[in-house]
Amino acid sequence: MFWKFDLHTTSHIDTLLEKEDVTLTEVMDEDDVLQECKAQNHKLVDFLLRPQCMEDLVTFITQEPCSEVEEKVKYKYPNISCELLTSDVSQINDRLGEDENLLMKLYGFLQNEPPLNPLLASFFSKVLSILIGRKPEQIVDFLRKREDFVDLMIKHIGTSAIMDLLLRMLTCIEPQPLRQDVLNWLNEEKIIQRLVNMVQSSQDEDRHSNASQSLCEIIRLSRDQMFQVQGCSEPDPLLATLEKQETVEQLLSNIFDKEKNESAIVSVIQILLTLFETRRPAFEGHMECPPGMSHPSFSVNHSILEAVRPRLKDFHHLLLEPPKKNVMKTTWGVLDPPVGNTRLNVVRLVASLLQSNTHSINAELINLNTLGVILDMYFKYIWNNFLHIQVEICTAMILAMPPAPQDIQPDTEQNHPRESLLIKHLFQKCQFVQRIVDAWSSNEKEQAEGGRRRGYMGHLTRIANSIVHNCDKGPNGPQIQQLISEIPSEDREKWEVFISGQLADTNKRNTVDLVNTHHIHSSSDDEVDFKDNGFHQDSSLQQAFSDYQMQQMTSNFIEQFGFNDEEFADQDDVVDIPFDRISDINFSLNTNESANIALFEARCKEKIQQFEDAGSDEEDIWDEKDVTFAPEAQRRPSSGSTDSEESTDSEEEDVKRDSFAASNLSTDDRMESEEILVSVTGLGFLKNDLTAWTFCEQELISFSPKDPLRSNSPVEMETNMETVDPLGVNAPLQPEGGSEEEQSSEQRSITETVINGSMKETVSLTVDAKTETAVFKSLIC
């Protein structure tokens, strides 16, 4: 509603743009330039679309600002330029996406030598990304004509903004045929092989990390896309290239055949972990593969496993001799060497390989005793919970997984149940049960001497419970029971005592309720039991409430529920009150007014005691008598009279005599007039029908004498106003001896009949102007 009163503010940009020599920087200095641009201010948009302005905007985000500029404003104009170009104004997108000169100037930023300015790189990536989303065909066509585009992207892959731009090209290009063309083009440019070559010891850590992250995102995005678009006939060429055995072998060769570099090793393991992921995909609604469905995105490619298997000995060697790490001092001691990121990721890789449950992989791990080395690390590094959780995952999978299917099984073994080689290795070679019992006893002994509880005890409790559970209910239960029975008797007895004593006690402590559910007694001396003091259950109330709950909700429930806004408004302001609801109200009126009539008659006959001394000899003011008023000539003019100041002495004497005569009026008379007036007026409101009594009140007020001595009385103050004189009682008196017709006119009478139900009431008022009397009568039939 601001425009109604012309209160809207006019941007200063409109005034500024009216100048002929206005510059781009002057416009960009305005605080609301971005707001006006996004609001598509026509003057501003037309100004920005000028060729020189568009060229300057691109220059700001692609060229290093002057080094002499103050640091806090050094990137002001590049930032504003980026925001203007990415404000998603269609005219700006069209001009920038269709002008090849501007695109070449923008593309020139990639031709700079690394490392790129990270802030300018983010501006460049943001502008080109929005163009890819808004003008995909034009931008893709422009980039495909640049033969060095992929080389430059790989060259600057160490800059995170360039990596984001590459991923944007893989995810934001629509429609699907165009995206497929882009994937084929990038695959032909061998972008996967070039990214793989970035992950080697000769490159820096930024290239390792960004190249690895790019390959991981390509794997995830491609698998998710393949799951969503199941009807797509063409496979993802980039994913197919990544899952090839030679590609994985090249990755492993980069870290093992050359100098060991922890950053490169960790980056390659991250790629392998992504390839081994079976929780596909991660978007809502498709968290699990349907039962009985074998989808490529839920299984590990066999070629990947075949490429990794020959390198298991190299990973095992990393567990024994990781890249050199400095001695680490901790609050509890010295770690020489610490676990390190390399060995931790190798354990994670082993856990993923065990999840694949491949016979060849399991056999190689057994031959290398990799599980034994991992258990040694578990008990050595007692405070590294990242390691402990991975070891727990490995042991839990081994105990719960069915035996791995073998490619060729001898005929002699077909009639016997297959056994898990990993479980057998774990209980026999690794002495799994004995090490658990020994570690538990060692921890208790250390705690008894005042030491700390070891950090792996929680995970050790869960590992022991996993053994007990799988021994009783797991798929490998018979094999586990058999292996436990084959261990030395002394160790078996220790195990049985352990699970029935220490482990059971620990489980009992761990399952204690966090909140005490027992009855909390009152702290006072008086124990009051409130359990049996229930409320009285009235069947009729319950039935009524049940009926209320079971009633159907009709369509007009919303309109009839609650109150309307009009019900709280003044009734004089509401002109459209509906009457349909009033018809539904049932009420009754008592038409028997005999009680009211009796009350009224009793009130009229009641004699009110005087306020003065009860023993006075004054007359009873309730006796029936004529009301006599003083003649007009004897009444003293009111204090507001404007008599002439030049009055004669005789006139003053006459006034004094008039005042004296007026003062000689009987006090009883004045009281009688006042009391009659007050009583009749007050009693009139006792009647149900106020019409007749309102009329009587007005007529009696008209006869109220304007005595200056009584000007301060309550009746006088309430009725001291110019009233209508319908009976003409205040008209000038006629001279005595008038005609008979004139005398009859001096006595006037008004009668009104009021009918209320079955009763009829006649009210009459007779006024005699000559005798100055008024008689009021009421007759009820």
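Residues numbered from 1 in each chain as written. Predicted model: local features only at pLDDT ≥ 70, side-chain atom pairs only at ≥ 80, totals over all residues. Heavy atoms only, no water.

Visitor: What exactly am I supposed to notice about the overall build of the protein chain here?
Guide: Summing up its helical and strand segments, the protein chain has 38 helices and 5 strands in all. When burial is assessed residue by residue, the protein chain has 37% of its 781 residues classed as buried. Partitioning the contacts of the protein chain with sequence separation of at least 6, the portion at a separation of at least 24 is 69%. Looking at the protein chain as shown, the accessible area adds up to about 48300 Å², and 50% of this sits on carbon and sulfur atoms. (Helix = DSSP H or I, 4+ residues; strand = E, 2+ residues; numbered from the N terminus. Buried < 20%, exposed > 50% of the residue type's maximum accessible area, 1.4 Å probe, protein only. Contact = heavy atoms within 4.5 Å. Areas by Shrake-Rupley, 256 points an atom, 1.4 Å probe, with all protein chains shown as cover.)

Visitor: Even after reading the chapter, I still don't get the packing of helix 23 (residues 370-380) against helix 26 (residues 432-448), so can you show me in this structure?
Guide: Any two packed helices are characterised by the angle at which their axes cross and by the distance between the axes. The contact between helix 23 and helix 26 brings their axes to 12 Å, and the two run at 5 degrees. For the element pair helix 23 / helix 26, the angle class is roughly parallel. Along its contact with helix 23, which presents Gly372, Leu375, Asp376 and Phe379, the element helix 26 presents Phe432, Arg435 and Ala439. The class makeup of the residues in the contact of helix 23 with helix 26 is 4 nonpolar, 1 polar and 2 charged. (Axes fitted to C-alpha atoms, helices over the stretch in contact; angles between N-to-C directions. Parallel < 35°, antiparallel > 145°, perpendicular 65-115°, else oblique. Nonpolar A, V, L, I, M, F, W, Y, C, P; charged D, E, K, R; others polar.)

Visitor: Which parts of the structure should I look at to understand the packing of aromatic side chains?
Guide: Geometrically, a pair of aromatic rings is defined through the distance of the ring centres and the angle of the planes. Applying the stated criterion across every chain, the model contains 11 aromatic pairs. With 5.7 Å between their ring centres and 35 degrees between their planes, phenylalanine 60 and tyrosine 77 make a pair best called tilted. In this pair, phenylalanine 60 sits in helix 5 (residues 51-62) while tyrosine 77 sits in helix 6 (residues 76-85), placing the two residues 17 residues apart along the sequence. On the basis of relative accessibility, which here comes to 22%, the residue tyrosine 77 falls in the partly exposed class. (Phe/Tyr/Trp six-rings, centres within 6.5 Å; stacked < 30°, edge-to-face > 60°.)

Visitor: Before we go on, may I ask you to explain the confidence of the model for the protein chain in this structure?
Guide: Detailed reading of predicted coordinates is not advised where the pLDDT is low. Per-residue confidence for the protein chain gives a mean pLDDT of 75, with 63% of residues at or over 70. Low confidence marks residues 609-616, where pLDDT is under 50. Its contacts with residues over four positions away, or in another chain, come to 5 contacts. The low-confidence segment residues 628-744 (pLDDT under 50) makes 102 contacts with residues lying over four places distant or belonging to another chain. (pLDDT = per-residue confidence, 0-100.)

Visitor: I keep staring at the environment of glutamine 176 and nothing clicks. Help me out?
Guide: One can find glutamine 176 in helix 13 (residues 176-188). Take glutamine 176: its relative accessible area is 21%, and that puts it in the partly exposed class. A polar contact is formed between the side chain of glutamine 176 and the side chain of glutamine 225, at a distance of 3.2 Å. (Polar contact = N/O pair within 3.5 Å; in protein donor to acceptor, adjacent residues only side chain to side chain.)

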